[in-house]
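A closer look at the structure
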Amino acid sequence: MKKVLLFAAFAAFAMTSVNAQDDSSGFAKSDIFMTGTVGFNSASAGDVDTSSMDVSPSIGYMMTDNLSINASLSFGSMDDGSDVDMSSTGFGVGATYFMAPTSKFSMNVSAGLGYRTDSVGDVDVNTLSFAVSPGFNYWIADSWGLVANIAALSYTSSEVDVEGAEAATGFGLNLDLSDINFGMVYKF
């Protein structure tokens, strides 16, 4: 019984500490924040070794207490041991609506428009995309937070940059584990 009371006292103290931090965590109007992703993959199949790297920084500005506008860049490269260069560059703009922006834990919904060019040797593939994605923020300190996007409703239109090429379009609703993205956010 003594252990149960000690645990209950500790839990009450911890909840008081979390509630005290709620006032200084989260977003407010005019906040500027930065987030992004960095990825590296390496694979081997027989005699072929493949590696790829992606960097996608993003910056946001809180227009109101609940709504931010965001801008992002993306850079990527892939090496499969051949003499063909493979790279990608892109940019995007979007907006995010935060359900409870001043709370330590907050849900959000993001919508964004992006443009990317994937280059394989002398051939470019240009892709225009639109996506809506729900997510979560959890503040671990006043300026640092963890972010996660859990799904995506998306539309893409890709076209090879050669004479007479037709666009390939796609529409998707991805609710599986392949569309969960984790990252960090830093609030200035």
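Residues numbered from 1 in each chain as written. Predicted model: local features only at pLDDT ≥ 70, side-chain atom pairs only at ≥ 80, totals over all residues. Heavy atoms only, no water.

1. Looking at the overall build of the chain
Our working rule: For helices the rule is a DSSP run of H or I covering at least 4 residues; for strands it is a run of E covering at least 2, with both sets numbered from the N terminus onward. Remark: exposure states derive from per-residue accessible area (1.4 Å probe, protein chains only) relative to the maximum for the residue type, with buried under 20%, exposed over 50%, and partly exposed in between. Contacts are assigned to residue pairs with any non-hydrogen atoms lying within 4.5 Å of each other. Per-residue accessibility takes into account occlusion by the displayed protein chains alone, with areas from the Shrake-Rupley method and a 1.4 Å probe.
Across its full length, the chain holds one helix and 10 strands. The linear arrangement of helices and strands in the chain, starting from the amino end, is α-β-β-β-β-β-β-β-β-β-β. Taking all 188 residues of the chain together, the buried fraction comes to 23%. Within the chain, residue pairs in contact and separated by at least 24 positions form 53% of the contacts whose partners lie at least 6 positions apart. As displayed, the chain has an accessible area near 12,200 Å², and 64% of this comes from carbon and sulfur atoms.

2. Examining the pairing of strand E4 (residues 86–98)
On any regular strand, side chains alternate: one points to one face of the sheet, the next to the other face. Here is the rule we go by: Here a strand pair is declared whenever DSSP counts at least two bridges between the two strands.
Taken together, the 12 bridges between strand E3 (residues 67–79) and E4 define a ladder with antiparallel strand orientation. Counted as the bridge partner of Ser74 is Gly90 from E4. If you look at the hairpin formed by E3 and E4, you'll find six residues sitting between the two strands, and Gly81 has a positive phi there, around 85°. As paired elements, E4 and strand E5 (residues 105–120) share 13 bridges and run antiparallel to each other. From the neighbouring strand, Tyr97 faces E5, where its bridge partner is Val109. Counted between consecutive antiparallel strands, the loop separating E4 from E5 contains six residues.

3. Description of the side chain of Ser58
Which entries qualify depends on this criterion: The term polar contact refers here to a pair of N or O atoms within 3.5 Å; inside protein, the definition further demands a hydrogen-donor-capable atom paired with an acceptor-capable atom, and it admits residues adjacent in sequence only when both atoms are side-chain atoms.
Inspection of the secondary structure assignment puts Ser58 in strand E2 (residues 48–62). Engagement of the side chain of Ser58 in a polar contact is seen with the backbone oxygen of Ala71, the distance being 3.3 Å. Ser58 has contacts with Phe33, Met34, Thr35, Gly36, Asn70, Ala71 and Ser72, leaving out every residue within four places of it along the chain.

4. Thoughts on unusual backbone geometry
In this structure, Ser30 takes a positive phi of about 80° despite not being glycine. Looking at the secondary structure, you find Ser30 in the loop between helix H1 (2–21) and strand E1 (32–45).

5. Concerning the pattern of salt bridges
Note the cut-off: When a carboxyl oxygen of Asp or Glu lies within 4 Å of a side-chain nitrogen of Lys or Arg, that pair is called a salt bridge.
Scanning all chains against the criterion turns up one salt bridge. In this structure, Asp118 engages Arg116 in a salt bridge whose closest nitrogen and oxygen atoms are separated by 3.0 Å. The class for Asp118 is partly exposed, based on a relative accessible area of 22%. Take Arg116: its relative accessible area is 36%, and that puts it in the partly exposed class.

6. Let's talk about the nonpolar core
Quick reminder of the rule: Residues grouped as a nonpolar core are buried Ala, Val, Leu, Ile, Met, Phe, Trp, Tyr and Cys residues, joined through side-chain atoms within 4.5 Å.
Membership of the largest hydrophobic core is limited to seven residues, which are Phe27, Phe33, Met62, Phe98, Trp139, Val147 and Val185. Setting aside chain neighbours within four positions, we find Val147 in contact with Thr35, Phe136, Asn137, Asn181, Phe182, Gly183, Met184 and Val185.

7. With respect to the packing of aromatic side chains
Operational definition: Only Phe, Tyr and Trp rings take part, Trp by its six-membered ring, and two of them pair if their centres are within 6.5 Å. Stacked means planes under 30 degrees apart, edge-to-face means over 60, and tilted covers everything else. Whether a charge sits over a ring depends on NZ of Lys or CZ of Arg being within 6 Å of the ring centre and within 35 degrees of the ring normal.
Evaluated as defined, the whole model comprises seven aromatic pairs. Ring geometry for Tyr186 versus Phe188: centroids 5.2 Å apart, planes at 90°, classification edge-to-face. By the ring-pair criterion, three or more aromatic residues cluster together here, those being Phe27, Phe33, Phe98 and Trp139. One cation-aromatic arrangement involves Lys104 over Tyr138; the distance from NZ or CZ to the ring centre is 5.5 Å. Over the aromatic face of Trp139 sits the side chain of Lys187, whose NZ or CZ is 5.2 Å from the ring centroid.

8. A closer look at the confidence of the model for the chain
So the rule is basically this: Note on scores: pLDDT gives the predictor's confidence for each residue, bounded by 0 and 100.
For the chain, the average pLDDT comes to 82, and 85% of its residues sit at 70 or higher. pLDDT under 50 marks residues 1–23. Its contacts with residues more than four places away, or in other chains, come to five contacts.

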